[in-house]
Amino acid sequence: VQLQASGGGMVQAGGSLRLSCAASGRPITNYDMGWFRQAPGKEREFLAAIRRIGGSTYYRSSVRGRLTISRDGAKNQVLLQMNGLKPEDTAIYYCAAGTGLITSSYSNARQYAYWGQGTQVTVSS
């Protein structure tokens, strides 16, 4: 599967963005999907995931309530709605796809086999 992330941009603190991850080559419902981000000088960190079967969602505790992950099978894409953005949310955001992930592994980037190219999100104060 090939993944293409989009929707990033520059926004003021408190604003919102909706990121999209379009999949091609395979139905997105074949995969567990995740969103990660990486800020300059920092490690890539898990944000949210949606399970292939059943659609259960998982979130990093620090973003729960501000970020919402969802899946649109008809458009073959995964969305990440981000509200109440803060300057510390500035990073490159990546979507990823994996198979066979278990609950304890959703936050582990190494468990995802396929990655999009990333989209830049910049939040100004």
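What this report covers is the structure whose coordinates are included nearby. Predicted model, so just to flag it, every value in this text is computed and none were measured.

A few points about the nonpolar core
The biggest cluster of nonpolar side chains holds 30 residues, and the ones touching the most others in it are Leu-3, Met-33, Trp-35, Ile-69, Leu-80, Met-82 and Tyr-93. Put simply, the parts of the chain that give this core at least two residues each are β1 (2-6), β3 (17-24), β4 (32-38), β5 (45-50), β7 (67-72), β8 (77-82), β9 (91-98) and β11 (119-124). In this structure, Leu-80 is in contact with Leu-17, Arg-18, Leu-19, Trp-35, Leu-47, Ala-48, Leu-67, Thr-68, Ile-69 and Tyr-93, ignoring residues within four places of it in sequence. Membership of the second largest hydrophobic core comes to eight residues, among which are Phe-36, Ala-96, Leu-101 and Tyr-106.

Thoughts on the environment of Asp-89
Mapped onto the fold, Asp-89 is located in the loop between β8 and β9. Those residues in contact with Asp-89 that lie beyond four places of it in its chain are Arg-37, Arg-66, Gly-84, Val-121 and Val-123.

Some details on the state of the cysteines
Considering all chains together, one arrives at one disulfide under this definition. Two residues share a disulfide in this structure: Cys-21 and Cys-95, whose sulfurs sit 2.1 Å from each other. Its torsion about the S-S bond being 65 degrees, the disulfide of Cys-21 and Cys-95 is classed as right-handed. Linking Cys-21 in strand β3 with Cys-95 in strand β9, this pair joins segments that are 74 residues apart in sequence. Given the relative accessible area of 0%, Cys-21 is considered buried.

What about the pairing of β7?
Here six bridges tie β7 to β8, and the two strands are oriented antiparallel to one another. Following the sheet pairing, Asp-72 is matched in β8 by Gln-77. Between the end of β7 and the start of β8, which pair antiparallel, lie four residues, with Asn-76 showing a positive phi angle near 55 degrees.

Description of the pairing of β8
Remark: a regular strand shows side chains that alternate across the two faces of the sheet. With respect to burial, β8 is a largely interior element, five of its six residues being buried. When β3 meets β8, the two strands line up antiparallel, connected through six bridges. Residue pairing across strands places Cys-21 opposite Val-78, the latter belonging to β8.

Observations concerning the packing of aromatic side chains
As enumerated under the stated definition, the model contains seven aromatic pairs in all. With a centroid separation of 5.6 Å and 70 degrees between ring planes, the pair formed by Phe-36 and Phe-46 is classed as edge-to-face. Separated by 10 residues along the polypeptide, Phe-36 in strand β4 and Phe-46 in strand β5 bring together distant segments of the chain. Considered together, Phe-36 and Phe-46 belong to a single accessibility category, that of buried residues. Each ring, one from Phe-36 and one from Trp-115, has its centre 5.1 Å from the other, and the planes form 55 degrees; the classification is tilted. Of this pair, Phe-36 sits in strand β4 while Trp-115 sits in strand β10 (residues 114-115), and the two are 79 residues apart along the sequence. A relative accessible area of 1% means that Phe-36 is categorised as buried.

The rules behind the values
Residues numbered from 1 in each chain as written. Predicted model: local features only at pLDDT ≥ 70, side-chain atom pairs only at ≥ 80, totals over all residues. Heavy atoms only, no water. Core = buried A, V, L, I, M, F, W, Y, C linked by side-chain atoms within 4.5 Å. Buried < 20%, exposed > 50% of the residue type's maximum accessible area, 1.4 Å probe, protein only. Helix = DSSP H or I, 4+ residues; strand = E, 2+ residues; numbered from the N terminus. Contact = heavy atoms within 4.5 Å. Disulfide = S-S within 2.5 Å. Pairing = 2+ DSSP bridges. Phe/Tyr/Trp six-rings, centres within 6.5 Å; stacked < 30°, edge-to-face > 60°.

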